[in-house]
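Structural overview for review
For reference, the chains in residue letters:
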Amino acid sequence: MHFKDRNCFWLVGLWCEMRSALVLALALALGQVAMASSEETLLGGAFKVCSRSDPQLEQCILDSLNGARDKLATGIPELGIPSLEPLRGTEIQLREGEEDFHLQLVLRNFSWIGLSDFIATKARIQFSPPYLEFVTTFNNMSLTGPYEFGGSVLMLRINGNGDSYLNWGSTLTHRLRLEEEQRGGEVYWRAAEYSWQQDVAHVRIHFKNLFRGNKRLGLYANQFLNRNWRPAYAVYGPVANNALADTIKRLVLDPFLARVPVSKMFAP
Ligand SMILES: *[C@@H]1O[C@H](CO)[C@@H](O)[C@H](O)[C@H]1NC(C)=O
Ligand SMILES: *[C@@H]1O[C@H](CO)[C@@H](O)[C@H](O)[C@H]1NC(C)=O
């Protein structure tokens, strides 16, 4: 390698050789720094990598999640993570009960906004068997898309299809039970069970075109849902949380876990 530059022509050869050596040493040192910092960040620097033996591991996981929000918003294809702003999908289905008390709500081609706008506040991890629990606060999530609604909510019969808008804020506890699997000499995690429990702070709902566009009934039903979301959530919360958690598992968690071996998620 030659680091001689055109300033060397008026200097004695020895000085130029020394300078070349210094430049080379500096270049090597910078290379070391660059290598060290790429070990501290997971694939392209999206997440801060925490050490399993870190006594502050849980705080490190929180910092890692909170530090990744902007990257999550745009998506991290090399980690299998789609764009979260918005997260788009083909279907979310809620089904509950039977006969007179059944409820079916399907959202198609949905757009989910606000998923990257969280603050992670608690984390707990265990490596064997692998288990992760964390809490995130969301102030403003919305789901929009064409809906189909049929059945009864708290004894009120509702039906219709059209455009829907759901907006809510919650403190969400994620529980993730993992299983290990070996592939190509690496250990991967698989989500055996992923569940959501939401402590919901506020809800706004609007279904357009309920009752085949009957304005008076549609207005009444939307007002009813907005006034009674608390008792409705007490009944339908579990089925709603299952449907939402399953959507995140399918679109975000499973592709990430399939792509990234455990050795890349945590340093020893
Ligand atoms: C959902 O999107 C697909 C493909 O863009 C389209 O064919 C379908 O009609 C859409 N469904 C609804 C209910 O809008
Ligand atoms: C919530 O997010 C929507 C975008 O989905 C935005 O239009 C609205 O202003 C936000 N509301 C608050 C209170 O931040």
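Rules of the game
- Residues numbered from 1 in each chain as written.
- Chains lettered and ligands numbered in written order.
- Predicted model: local features only at pLDDT ≥ 70, side-chain atom pairs only at ≥ 80, totals over all residues.
- Helix = DSSP H or I, 4+ residues; strand = E, 2+ residues; numbered from the N terminus.
- Buried ≥ 20, exposed ≤ 12 C-beta atoms within 10 Å, placed from the backbone.
- Contact = placed C-beta atoms within 7 Å.
- Near = placed C-beta within 6 Å.
- Nonpolar A, V, L, I, M, F, W, Y, C, P; charged D, E, K, R; others polar.
- pLDDT = per-residue confidence, 0-100.
- Core = buried A, V, L, I, M, F, W, Y, C linked by C-beta atoms within 7 Å.
- Pairing = 2+ DSSP bridges.
- Expected span 1.5 Å × (residues − 1).
- Arc of directions from axis to C-beta.

Within the protein chain, the secondary structure is distributed over six helices and 10 strands. Looking at the protein chain as a whole, 20% of its 268 residues are labelled buried. Contacts in the protein chain between residues far apart in sequence, at least 24 positions, make up 62% of those at least 6 positions apart.

Within the structure, ligand 2 sits among Ile113, Gly114, Asn140 and Ser142. For the shell around ligand 2, the class distribution of residues is one nonpolar, three polar and no charged.

Looking at the protein chain as a whole, its pLDDT mean stands at 88, while 83% of the residues score no less than 70. A low-confidence stretch, residues 1-12 stays under pLDDT 50, and its non-local contacts, those more than four residues away or across chains, total nine contacts. Ignoring residues within four places in sequence, the model shows residues 30-39, a span with pLDDT below 50, making zero contacts including any to other chains.

Quick look at the nonpolar core now. Generally speaking, nonpolar side chains in soluble globular proteins are found buried as a group. Residues Trp112, Leu143, Tyr147, Phe149, Ile158 and Leu257 are the most contacted members of the largest nonpolar core, which totals 33 residues. Broken down by secondary-structure element, the contributors of at least two residues to this core are strand S5 (103-113), strand S7 (130-153), strand S8 (156-183), strand S9 (186-207), helix H4 (215-227) and helix H5 (229-259). Among the elements that make up this core, the one with the highest residue count is S8 (five residues). Sequence-distant contacts of leucine 257, defined by excluding residues within four places in its chain, comprise Tyr188, Trp189, Arg190 and Ala191. Among the nonpolar cores identified, the runner-up in size contains five residues, and Cys50, Ile61, Leu62 and Ala120 belong to it.

Pairing analysis gives 20 bridges linking S8 to S9, with the strands arranged antiparallel. By the bridge assignment, tryptophan 168 is partnered in S9 with valine 203. What sits between the antiparallel neighbours S8 and S9 is a turn of two residues, in which glycine 184 has the positive phi angle 50°.

In this section: unusual backbone geometry. Between glutamate 85 and the following residue, proline 86, the backbone shows a cis peptide bond with an omega angle of -10°. At the junction of serine 128 and proline 129, the peptide bond is cis and its omega measures out at -5° in the coordinates. Tracing the backbone through its elements, the reader meets proline 129 in the loop between strand S6 (118-127) and S7. One non-glycine residue with positive phi stands out, namely asparagine 109, at about 45°. For asparagine 109, the location among the structural elements is in strand S5. Here arginine 212, not a glycine, exhibits a phi torsion of approximately 50°, which is positive. Considering the arrangement of structural elements, one finds arginine 212 in the loop between S9 and H4. Since 11 C-beta atoms lie within 10 Å of it, arginine 212 is described here as exposed.

Let us look at the environment of asparagine 66. Relative to the helices and strands, asparagine 66 is located in helix H2 (residues 57-67). Its 14 C-beta neighbours within 10 Å are what place asparagine 66 among the partly exposed residues. In this structure, the C-alpha to C-alpha distance between asparagine 66 and serine 116, residues 50 residues apart in sequence, is 9.3 Å. Discounting chain neighbours no more than four positions away, the residues touching asparagine 66 are Ile119 and Ala120.

Before going further, it helps to examine H4. Residue pairs three or four apart in sequence face the same way in an α-helix, which turns once every 3.6 residues. Here H4 contains 13 residues, and its C-alpha end-to-end distance of 18 Å stays within 8% of the 18 Å for a straight helix at 1.5 Å per residue. Every buried residue belonging to H4 is among Gly218, Ala221 and Leu225, and all of these are buried. One side of H4 holds all its buried residues, which, seen down the axis, span an arc of 65°. Of the exposed residues in H4, the ones pointing more than 90 degrees away from its buried face are Lys215, Arg216, Leu219, Gln223 and Arg227. The inward-facing, buried residues of H4 abut S7, S8, S9 and H5.

It is worth spelling out the environment of arginine 230 at this point. Relative to the helices and strands, arginine 230 resides in helix H5. We classify arginine 230 as exposed; it has 10 C-beta atoms within 10 Å. Spatially, the C-alpha atoms of arginine 230 and valine 200 are 8.6 Å apart, while their sequence positions differ by 30 residues.

Before going further, it helps to examine the environment of isoleucine 125. Structurally, isoleucine 125 is set in strand S6. A sequence separation of 67 residues divides isoleucine 125 from glutamate 58, and the C-alpha atoms of the two residues are 7.1 Å apart.

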